[in-house]
Protein chains: 2
Amino acid sequence: MSLQVSSRNSSLQESPIRKLAPFADEAKKEGVKVYHLNIGQPDIKTPSGMRKAYQNIPEVVAYGPSAGLYSYRTKLAEYYRTRGIPVTADNVFITTGGSEAIIFSLMAALSPGDEVIIPEPFYTNYNGFAVMAGVNVVPVTTKIEDGFQLPPMEEFEKVRTDKTRAILFSNPGNPTGAVFSRERLDGLIAFAKKHDLYIFSDEAYREFTYGERKAHSILEFDGIEEHAVLIDSVSKRYSACGARVGTLITRNKKLLEVVLKLGQARLCPPTIDQMAAEAAVDTPASYFDEVNSEYRKRRDFAFDAVSAIPGVLVKKPEGAFYMIIQLPIADADHFARWMLTDFRFGGATTMVAPAAGFYATEGLGKNQVRLAYVLAVEDLKPAIKILEEGLKKYQELFA
Amino acid sequence: MSLQVSSRNSSLQESPIRKLAPFADEAKKEGVKVYHLNIGQPDIKTPSGMRKAYQNIPEVVAYGPSAGLYSYRTKLAEYYRTRGIPVTADNVFITTGGSEAIIFSLMAALSPGDEVIIPEPFYTNYNGFAVMAGVNVVPVTTKIEDGFQLPPMEEFEKVRTDKTRAILFSNPGNPTGAVFSRERLDGLIAFAKKHDLYIFSDEAYREFTYGERKAHSILEFDGIEEHAVLIDSVSKRYSACGARVGTLITRNKKLLEVVLKLGQARLCPPTIDQMAAEAAVDTPASYFDEVNSEYRKRRDFAFDAVSAIPGVLVKKPEGAFYMIIQLPIADADHFARWMLTDFRFGGATTMVAPAAGFYATEGLGKNQVRLAYVLAVEDLKPAIKILEEGLKKYQELFA
């Protein structure tokens, strides 16, 4: 007989980004070239300064403080100050990736059974974090027609209950590429103040905007010292996803005390990676200019190419490196799998992430997929061509 | 006004290992030399092969698979096979430190509100992990007079309820230094089989035993495929606490599936540290021989020195690098703090971890402290001398 597993299991989904990976592996074994538009793993080089810092290994790879290396916290506070966010090292808590920053935020602020409102579609791992923290996700739907812009305050009022304790979102948005407007953020803040809610602002893509609109940090706003928690990560900024170094920044001292206790339990974030992340703060502006212009190029190419596919609905994303596209089919999950198992074009295929997994509301997003434009234009070109050809073939077969 | 924090906060303790750190920092600022016997941060050098592996930084520090780098899982399985533990890469899941392996074990196997039995005194962070997983710790008390040996099965029967789902322990033991006997482990396994319980065996100190008795791995035992989960870490074995690489190993496929879903949410363990950990598996046996003989020397010295202090009760530890000692005072917490704030001997003082925090039963361990013999004998000598002198002075002052 088999021992029971946790009741949590039924709430844990497989990642829509990773669940089709076995099919991709199979295809690769057959010699098929797979273009990965499914995962936000950039091909951009990690800055050389950061990579060099990994070479300075002390004789003992020792524990660091639970809140992170003080020198790194200090340096990171400086980075935010240069971006108009007045914080000190005391406000900065280093985590093991942005993931842990979100888990700790939920665990420290919410009690089991409490609710967190999240605009959907959202970064699917928020589900897993909510399950870990024993809290419930309440979605507010954003629309592809509006470019997934933050809904007005009234929409949040509709879903609020007396168990609501927080709002969580990413801005710029994963998986939407949306950058939230100042006006809508003002509305959200008024809502949070009115009902004593935390705002967890995941700003992992803060440096990646391509339009007129820059992303506003939640810590730029006045009068919400107790409410605002900024979540960030080195993963995307320095193309160092494998470093697993993130941060949780807040002026709410009581919350930070609870976070510290959680942090003490897991001892510390990885030491050498923090040393590298500290060096990364000195990455010259030219690196970001280059990277952003590269991503803008990719965004523009991908958007134009996808827009040209018959029957596809897409709005131009303003930030991050994702776009959600709506396809003229019923079951994007089936389509994405079929692309890996059955469709080949010039010996290659394209992997995308079915978007239903990014929605909490059952039934939404079934005809949408997320594309991560993390490949060079020369690879995006065949990747999207294959997507177009696959879609045509799929419609013939399953019409 | 201040927003509420999670109800979890009241169950989260400050780490007994770290909570006195601010007092130690104060003392250091005054120029006082502080001998750290409070924390298991070894001074042993990380093996050069592991340190060198940190230098091979790829151009992109990318995400790895959620279950860990396959090459590392394969290599690690080999390590266990050479130790008589027949596992394959498929049984091995890489975690961010042993901490995450325990958190995932609890979250994957237990539902919120379930109970885990833990022999006390136990590694204090188990409390934090239980709070994170929303499960309740039920202690079974082990005794200093018995060298903290695992109690017989009957003691476990006494505390079992219909909410009990698992047993968790470290073997060799932190904070006790106990190595569990084959006979008592057999009893525990019979108990687990009888009641369908998981056994989470934290073997972070598996290589550190100094007597006739070797530590038995839970995966050496037959007929408990569904029950047994081995938890391990590179932290102590390779003196690489800051690497944050651990592992969870089990033959229970259903459990591993749930663990994988939890793992996907947090993406992956740190990539470069895993590459270094993989290289560490090739550390020559001579390294361990040297390290173990060094620790045996320290253990022998510390045990003899502490035994000679009037009024102190201590049993010779058989493994790990800790010992719990019972002092002829009422409040070890106060004593430990006083050592940092008030007591100086030749311009130095000694920091120890008050043991009450290692017990779940209120009132136990108040006259005990944990010593980590992670310093060279030449440092242990003054450290324990200072402890002895401090104790004498403290008894005069607070008799």
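None of the values given here were measured: they were computed from a predicted structure.

## Side note on the packing of aromatic side chains
For the coordinates displayed, the defined rule picks out 44 aromatic pairs over all chains. Between A:Phe156 and A:Phe191 the ring centres are 5.7 Å apart and the planes differ by 45 degrees, which places this aromatic pair in the tilted class. You can see A:Phe156 sitting in helix α6 (residues 153-159) and its partner A:Phe191 sitting in helix α7 (residues 182-194), a full 35 residues away along the chain. Taken individually, A:Phe156 and A:Phe191 each receive the classification buried, so the pair is uniform in this respect. Here B:Phe122 and B:Tyr126 contribute two aromatic rings whose centre-to-centre distance is 6.0 Å and whose plane-to-plane angle is 15 degrees, an arrangement assigned as stacked. Residues B:Phe122 and B:Tyr126 agree in their burial class; the two are buried. Counting every residue linked through ring pairs, the aromatic cluster contains A:Phe335, A:Trp338, A:Phe343, A:Phe345, A:Tyr394 and A:Phe398. Against the face of A:Tyr35 rests A:Lys33, its NZ or CZ located 4.9 Å from the ring centre.

## Digging into the packing of helix α4 (residues 97-109) of chain A against helix α9 (residues 253-265) of chain A
Residues and elements named next belong to chain A. Their axes nearest at 9 Å, the elements α4 and α9 cross at an angle of 120 degrees. Taken together, the axes of α4 and α9 lie oblique to each other. As α4 packs across α9, the resulting crossing turns out to be right-handed. Contacts from Phe-104, Met-107, Ala-108 and Ala-109 in α4 reach Leu-255, Val-258, Val-259, Leu-262 and Gly-263 in α9. For the contact of α4 with α9, the per-class residue count stands at eight nonpolar, one polar and no charged.

## Structural notes on the relation of the copies chain A and chain B
Mapping chain A onto chain B is achieved by rotating through 180 degrees and translating by 0.0 Å along the same axis, at an RMSD of 0.0 Å. Look at the turn and shift together and you get a two-fold axis relating the two. Closest to the rotation axis within chain A is the C-alpha of A:Gln55, separated from it by 2.5 Å. By residue overlap, the copies meet face to face through one surface: 100% of the interface positions of chain A are interface positions in chain B.

## Concerning the domain arrangement of chain A
Residue and element names in this part refer to chain A. Domain annotation of chain A identifies domain 1 (7-45 + 286-398) and domain 2 (48-280). Computed over C-alpha atoms, the centres of domain 1 and domain 2 are 26 Å apart. Of the residues lining the interface, 40 residues belong to domain 1; the matching set on domain 2 comes to 33 residues. Summing both partners gives a buried area of about 3,100 Å² for domain 1 against domain 2, and 60% of it is carried by carbon and sulfur. Put simply, domain 1 and domain 2 have one salt bridge between them. Residues Glu-318 and Arg-213 are paired through a salt bridge, measuring 3.0 Å at the closest nitrogen-oxygen approach. Among the elements that make up the side of domain 1 that touches domain 2, the one with the highest residue count is helix α11 (residues 285-307) (seven residues). For the side of domain 1 that touches domain 2, the class distribution of residues is 22 nonpolar, eleven polar and seven charged.

## Some details on the interface of chain A and chain B
Of the residues lining the interface, 80 residues belong to chain A; the matching set on chain B comes to 80 residues. Together chain A and chain B conceal approximately 6,700 Å² of surface at their shared face, both sides included; 55% is due to carbon and sulfur atoms. Our count for the chain A to chain B interface comes out at two salt bridges. Between A:Lys45 and B:Glu59 there is a salt bridge, with its nearest N and O atoms 3.6 Å apart. Applying the counting criterion to the chain A and chain B interface returns 45 residue pairs in polar contact (both at pLDDT 80 or more). Breaking the side of chain A that touches chain B down by element, the ones donating at least two residues are α4, α5 (125-133), α8 (234-237), α9 and α10 (271-280) of chain A. Here the element with the most residues in the side of chain A that touches chain B is α9(A); it accounts for seven residues.

## A look at the sheet that holds strand β9 (residues 322-326) of chain B
Read across the sheet, three strands follow the order β9-β12-β11 (chain B) without closing on themselves; strand pairing throughout is antiparallel. Each edge of the sheet is formed by a strand with only one pairing partner; in this case those strands are β9 and β11 (353-354) of chain B.

## Topic: the pattern of salt bridges
Counting across every chain of the model gives 46 salt bridges over all chains. The partner of A:Asp333 in a salt bridge is A:Arg337, with the nearest N and O atoms 3.2 Å apart. In this pair, A:Asp333 and A:Arg337 are both assigned in helix α12 (residues 332-341), four residues apart and thus about one turn of the helix distant. The class for A:Arg337 is partly exposed, based on a relative accessible area of 35%. One salt bridge in this structure joins B:Asp114 and B:Arg165, with 3.5 Å as the shortest N-O distance.

## Things to note about the packing of helix α12 (residues 332-341) of chain B against helix α13 (residues 377-398) of chain B
Residues and elements named next belong to chain B. It is the contact of α12 with α13, at a shortest axis distance of 11 Å, that shows an interaxial angle of 110 degrees. What the angle tells us is that α12 and α13 run roughly perpendicular. Read as a crossing pair, α12 and α13 show a hand that is right-handed. On α13, the residues that touch His-334, Phe-335, Trp-338 and Met-339 of α12 are Ile-386, Leu-387, Gly-390, Leu-391, Lys-393, Tyr-394, Leu-397 and Phe-398.

Rules of the game
- Residues numbered from 1 in each chain as written.
- Chains lettered and ligands numbered in written order.
- Predicted model: local features only at pLDDT ≥ 70, side-chain atom pairs only at ≥ 80, totals over all residues.
- Heavy atoms only, no water.
- Phe/Tyr/Trp six-rings, centres within 6.5 Å; stacked < 30°, edge-to-face > 60°.
- Helix = DSSP H or I, 4+ residues; strand = E, 2+ residues; numbered from the N terminus.
- Buried < 20%, exposed > 50% of the residue type's maximum accessible area, 1.4 Å probe, protein only.
- Lys NZ or Arg CZ within 6 Å of the ring centre and 35° of its normal.
- Axes fitted to C-alpha atoms, helices over the stretch in contact; angles between N-to-C directions.
- Parallel < 35°, antiparallel > 145°, perpendicular 65-115°, else oblique.
- Left-handed = near helix turned anticlockwise from the far one by under 90°.
- Contact = heavy atoms within 4.5 Å.
- Nonpolar A, V, L, I, M, F, W, Y, C, P; charged D, E, K, R; others polar.
- Least-squares fit on C-alpha atoms with pLDDT ≥ 70 in both.
- Domains from an automatic or database assignment.
- Buried area = accessible area lost by both parts, 1.4 Å probe.
- Salt bridge = Lys/Arg side-chain N within 4 Å of Asp/Glu carboxyl O.
- Polar contact = N/O pair within 3.5 Å; in protein donor to acceptor, adjacent residues only side chain to side chain.
- Pairing = 2+ DSSP bridges.

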